[in-house]
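So the chains spell out like this:
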Amino acid sequence: MLTKIHHHLPDENATAACGAALADCLTPGLMIWLHGDLGAGKTALTRALLHAAGHAGSVKSPTYALAEPYRVQHPRLGSLSLLHFDLYRMSSPQEFIEAGLQDEVDGRNICIVEWPEQGAGVLAAPDWRITLTYLAQGRDFTLEACSERGTQCLNRFHFAARL
Ligand SMILES: Nc1ncnc2c1ncn2[C@@H]1O[C@H](COP(=O)(O)OP(=O)(O)OP(=O)(O)O)[C@@H](O)[C@H]1O
Ligand SMILES: [Mg+2]
């Protein structure tokens, strides 16, 4: 079974295609950690994932709210809840608890977390750890499956990067 994949994403269209491909592999309860510098493409990837998962409206970075919920009709899974977290502005992991966000991580909601480092100790362990890295041109995308569930989902992933 595949546990780690890597793709070069030459431009933002490739990031969007990659996010859409990720949407095909989801399963309820999946915890996704997104690593990468400011502007690396974490929100862009999430936006494409949410649209492909069935969300029709806009996707803004939830920097001030810490989390933004989405209820979608997923093409394969049907009715599905996803939560997009951005913990960048959290001053301590305690804030995560005080905001009641642990209740949202209920084993059914799919959680996509930007800046998971900020939630160290309170945020549940990831099923997928995705890292976006700046290159001279485009970005590097790495996805590591960190659990049995994550591995099963990753093995549904089909993404053909353009050459
Ligand atoms: N593969 C790519 N190559 C070049 N530019 C890209 C690529 N993918 C996305 N971008 C661009 O990079 C920027 C990514 O911004 P985005 O808000 O998604 O970053 P972020 O990682 O969420 O940052 P933050 O940590 O501030 O939330 C956008 O301007 C987007 O168009
Ligand atoms: Mg972002």
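J.: What is the right way to read the packing of helix α1 (residues 12–23) against helix α2 (residues 42–52) from this model?
T.: Between two packed helices, the angle of one axis relative to the other and the distance separating the axes together describe the packing. For the pair α1 and α2, interaxial distance at closest approach is 7 Å and the crossing angle is 45°. Here α2 runs oblique to α1, going by the angle between their axes. Every pair of crossing elements has a handedness; the one defined by α1 and α2 is right-handed. From α1, Thr15, Ala16, Cys18, Gly19, Ala20, Leu22 and Ala23 reach across to α2, where they touch Ala44, Leu45, Ala48, Leu49 and Ala52. Broken down by class, the residue content of the contact of α1 with α2 amounts to 10 nonpolar, 2 polar and no charged.

J.: Help me understand the coordination of the magnesium ion (ligand 2) in this model?
T.: Six octahedral donors around a metal ideally sit at 90 or 180 degrees from one another, while four tetrahedral donors ideally sit at 109.5 degrees. Around the magnesium ion (ligand 2), the donor atoms from the protein are Thr43 (OG1) and Glu114 (OE), and they sit 2.1 Å away. Of this pair, Thr43 sits in helix α2 while Glu114 sits in strand β5 (residues 110–114), and the two are 71 residues apart along the sequence. Here the two residues Thr43 and Glu114 agree in accessibility, since each one is buried.

J.: Would you explain the nonpolar core in this entry?
T.: For soluble globular proteins, nonpolar side chains are generally found buried alongside one another. Judged by nonpolar contacts, the single largest core of 34 residues is most densely connected at Leu22, Ile32, Leu82, Trp128, Ile130, Phe141 and Phe157. Take this core: its biggest share by element is 5 residues, from α1. Once you skip the residues sitting within four places of it in the chain, Ile130 turns out to touch Leu22, Ile32, Trp33, Leu34, His35, Leu45, Phe141, Thr142 and Leu143. Core analysis: the next-biggest nonpolar cluster, separate from the first, contains 14 residues, Leu66, Met90, Leu101 and Val122 among them.

J.: Even after reading the chapter, I still don't get the packing of aromatic side chains, so can you show me in this structure?
T.: For any pair of aromatic rings, the description consists of the separation of the ring centres together with the inter-plane angle of the planes. Using the criterion set out here, one finds 4 aromatic pairs in the structure. Look at Tyr88 and Trp115: their rings are 5.0 Å apart centre to centre, the planes differ by 50°, and that puts the pair in the tilted class. Taken together, the positions of Tyr88 in the loop between β4 (78–86) and α3 (94–98) and Trp115 in the loop between β5 and β6 (128–134) put the pair 27 residues apart, joining distant regions of the chain. Judged by relative accessible area, which is 36%, Tyr88 ranks as partly exposed. Between the aromatic rings of Phe157 and Phe159, the centroid separation amounts to 6.0 Å while the plane-to-plane angle is 40°, which identifies the pairing as tilted. Just as Phe157 is buried, Phe159 falls in that class too. What links up through ring pairs into an aromatic cluster is the set Phe141, Phe157 and Phe159.

J.: Is there a simple way to think about the site of ligand 1 in this case?
T.: Taken together, 18 residues sit near ligand 1, with Glu12, Thr15, Gly39, Lys42 and Ala44 positioned nearest. Here an oxygen atom of ligand 1 and a backbone polar atom of Thr43 are 2.8 Å apart. Within the backbone of Ala44, one N or O atom sits 2.8 Å away from an oxygen atom of ligand 1. Protein chains bury 73% of the 660 Å² of accessible surface belonging to ligand 1 in isolation. When residues of the shell around ligand 1 are traced back to their parent elements, those giving at least two are α1 and α2.

Quick notes on the rules
- Every residue gets a number counted from 1 within its own chain, in the order that chain's sequence is written.
- In the order they appear in the text, chains get letters beginning with A and ligands get numbers beginning with 1.
- Predicted model: local features are reported for residues with pLDDT of at least 70 only, side-chain atom pairs are reported and counted for 80 or more only, and whole-chain, interface and lining totals are derived from all residues.
- To get the side-chain values, all heavy atoms of the structure are used, and hydrogens and water are removed first.
- Axes here mean lines fitted to C-alpha atoms, for a helix over just the part in contact, with angles spanning 0 to 180 degrees between N-to-C directions.
- For the purposes of this entry, the term helix denotes a DSSP run of H or I that reaches at least four residues, the term strand denotes a run of E that reaches at least two, and both are numbered from the N terminus.
- Working definition: roughly parallel below 35 degrees, roughly antiparallel above 145 degrees, roughly perpendicular at 65 to 115 degrees, and oblique for all remaining angles.
- Crossings are assigned a handedness: left-handed for a near helix turned anticlockwise from the far helix by less than a right angle, right-handed for a clockwise turn.
- Note on contacts: a residue pair qualifies if any of its non-hydrogen atoms lie within 4.5 Å across the two residues.
- Gly is placed with the polar residues, together with every amino acid not listed as nonpolar (Ala, Val, Leu, Ile, Met, Phe, Trp, Tyr, Cys and Pro) or charged (Asp, Glu, Lys and Arg).
- Donor criterion used throughout: N, O or S atom within 2.8 Å of the metal, extended to 3.2 Å for Na, K and Ca. Water excluded; incomplete-looking sites may result.
- Burial classification: accessible surface area is computed with a 1.4 Å probe over protein chains only, and a residue below 20% of its type maximum counts as buried, one above 50% as exposed, and the rest as partly exposed.
- As used in this record, nonpolar core signifies buried Ala, Val, Leu, Ile, Met, Phe, Trp, Tyr and Cys residues forming a set joined through side-chain atoms within 4.5 Å.
- Only rings of Phe, Tyr and Trp enter the pairing, Trp through its six-membered ring, and a pair is recorded when the two centres are within 6.5 Å. The plane angle decides the type: under 30 degrees is stacked, over 60 is edge-to-face, the rest tilted.
- If a single non-hydrogen atom of a residue is within 4 Å of a molecule or strand, that residue counts as near it.
- Whenever two N or O atoms come within 3.5 Å, that pair is a polar contact, provided that in protein one can donate a hydrogen and the other can accept it, and provided that, for residues adjacent in sequence, both atoms are side-chain atoms.
- In short, Shrake-Rupley with a 1.4 Å probe defines the accessible areas, and a residue's cover is counted only from the protein chains shown.

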